[in-house]
Amino acid sequence: MKVHLRIFVEMENLGKAMNALTDAGITGFYILEYKGMSPEDWKGFSIKEDPKSAIGMIHKFATSAILICSVVDEENVDGMTDIIVKELEGEKYTILQVPIRKIILGKGNKK
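Residues numbered from 1 in each chain as written. Predicted model: local features only at pLDDT ≥ 70, side-chain atom pairs only at ≥ 80, totals over all residues. Heavy atoms only, no water.

Our focus in this paragraph is the pattern of salt bridges. Under the definition given, this model contains two salt bridges. The salt bridge involving Lys16 is made with Glu91; its shortest N-O contact spans 2.9 Å. Highlighted residues: Lys16 in helix α1 (residues 14-24) and Glu91 in the loop between α4 (74-87) and β4 (93-100), separated in sequence by 75 residues. (Salt bridge = Lys/Arg side-chain N within 4 Å of Asp/Glu carboxyl O. Helix = DSSP H or I, 4+ residues; strand = E, 2+ residues; numbered from the N terminus.)

As a further point, take the side chain of Thr81. By the secondary structure assignment, Thr81 is in helix α4. Thr81 gets classed as buried once you look at its relative accessible area, which sits at 12%. (Buried < 20%, exposed > 50% of the residue type's maximum accessible area, 1.4 Å probe, protein only.)

The next thing to look at is α4. Helix length check: α4 (14 residues) gives 21 Å between terminal C-alpha atoms against 20 Å at 1.5 Å per residue, within 8%. Buried residues along α4 sit in contact with β1 (2-10), α1, β3 (63-73) and β4. (Expected span 1.5 Å × (residues − 1). Contact = heavy atoms within 4.5 Å.)

Laid out in structure tokens, this is it:
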């Protein structure tokens, strides 16, 4: 089975995380930039329910971060995760391992 490995890191730790993934044997990945907040960041906030206020609050208070994703073989994911955890020791991160039931690839009409 394949696993979708997702690593959330703060922007300044992207290089460290990418080096850890390379050491762990990742062969391909994609990244997404996002703004994120931890529960302790928004504790005590009362957010107005209109979208402009909510988005404004996120832009003002959220931390810039990166989500690094890769599809890996299930038998390799625990070893890879161990390497990533060791390399990111002392840093703030979140790792998710999501099982993949099916992968469908469309190759388009290129000749």
